[in-house]
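Fold and contact review
Spelled out from the first residue to the last, the chains are:
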Amino acid sequence: MKFYFVVKRIIDFVCSVLLLIFLLPLLLIITLGIILSTKESPFFLQHRGGYKGNPFKVVKFKTMTNEKNERGELLPDKERLTEIGKFIRRTSLDELPQLLNILIGDMSFIGPRPFLYEYMDVYSENEVRRHQVRPGITGWAQVNGRNRLSWKDKFKLDLFYVDNIGFFLDMKIVFLTIYKVLKKEGVDQNQETIMEKYNGKN
């Protein structure tokens, strides 16, 4: 298994370099589009829990503005979600900057999605096992329901991946991811808000 982890890291590094080069024009177009439509930074940085529970900053394309009300509070997600944000979220293009996270070793192409770092304090002893592998852009939970899953179901699927990680499971996830992205499956197309935060119970 350790050998596979080494091979997987090499594949992650090589593929992330090649994809960053190949997708550079698209990345520049999206970046410019976000800047022109929001007049804000095109990137969203957030602390997430990584391999062995270590924190890191995940990079995504920004899909919402930083607009606030008269009290200085952020407006509801639905009101801050931009038109270009809806598109890149619906097509999963907001995940592309995470190629940089893969390049430097914070993430893998395949693995449990990295959740907020603050959740480390509410995980059960079993749930924290999801950090025994590098988090990924896509994973077993993403190809089996994604945003439509409950928190408990996500953890169950993540732990299945941790316990069964291997080449054939990773390849299955790759092909299912491509299929579902092309068909726009697994994401509520009317969803304009993020999933409620995990509190250790929901």
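Structure report, in brief. In this text, all values refer to a predicted model and were calculated from it rather than measured experimentally.

Moving on, we come to the overall build of the protein. Within the protein, the secondary structure is distributed over seven helices and four strands. Its helices and strands taken in sequence order, the protein reads α-α-β-β-α-α-α-β-β-α-α from the N to the C terminus. Seen along its three principal axes, the alpha-carbon backbone of the protein occupies a region of about 55 × 40 × 30 Å. Across the 202 residues in the protein, those meeting the buried criterion constitute 46%. Considering only intrachain contacts with a sequence separation of at least 6, the fraction spanning at least 24 residues in the protein is 70%. Put simply, the protein shows about 11,600 Å² of open surface, and 63% of that area lies on carbon and sulfur atoms. Side-chain charges of the protein comprise 31 positive and 23 negative groups, with the mean position of each set lying 4 Å from the other.

With that settled, the discussion passes to helix α4 (residues 83–90). Looking only at α4, the buried set comprises G85, I88 and R89. Viewed end-on, α4 has its buried residues packed into an arc of 100°, placing them on one side of the element. Where the residues of α4 are buried, they touch α2 (24–38) and β2 (55–61). The opening residue of α4 is T82, an N-cap whose side-chain oxygen sits 2.8 Å from the backbone nitrogen of G85. Following α4 by one or two positions, S92 adopts a phi angle in the positive range, close to 65°.

A cluster of nonpolar side chains, F167, F168, M171, F175, I178 and L182, forms an exposed patch at the surface whose accessible area comes to about 700 Å². Accessibility expressed as a relative area gives 45% for I178, which makes it partly exposed.

This brings us to α2. Taking 1.5 Å as the rise per residue, α2 with 15 residues should run 21 Å; its terminal C-alpha atoms sit 21 Å apart, in good agreement. Buried within α2 we find L27, I30, T31, I34 and T38. Across the axial projection of α2, the buried residues extend over an arc of 100°, all falling on one side. Exposed residues lying more than 90 degrees from the buried face of α2 are P25, L28, I29 and L36. Taken from the residues just after α2, K39 is the one with a positive phi, measuring 60°.

Rules of the game
Residues numbered from 1 in each chain as written. Predicted model: local features only at pLDDT ≥ 70, side-chain atom pairs only at ≥ 80, totals over all residues. Heavy atoms only, no water. Helix = DSSP H or I, 4+ residues; strand = E, 2+ residues; numbered from the N terminus. Buried < 20%, exposed > 50% of the residue type's maximum accessible area, 1.4 Å probe, protein only. Contact = heavy atoms within 4.5 Å. Areas by Shrake-Rupley, 256 points an atom, 1.4 Å probe, with all protein chains shown as cover. Lys, Arg positive; Asp, Glu negative; His and termini not counted. Charge placed at Lys NZ, Arg CZ, Asp CG, Glu CD. Arc of directions from axis to C-beta. Polar contact = N/O pair within 3.5 Å; in protein donor to acceptor, adjacent residues only side chain to side chain. Patch = residues over 30% accessible without salt bridge, like charges linked within 9 Å, V, L, I, M, F, W, Y side chains within 5 Å. Salt bridge = Lys/Arg side-chain N within 4 Å of Asp/Glu carboxyl O. Expected span 1.5 Å × (residues − 1).

Remember, this is a structural readout, not a statement about activity or role.
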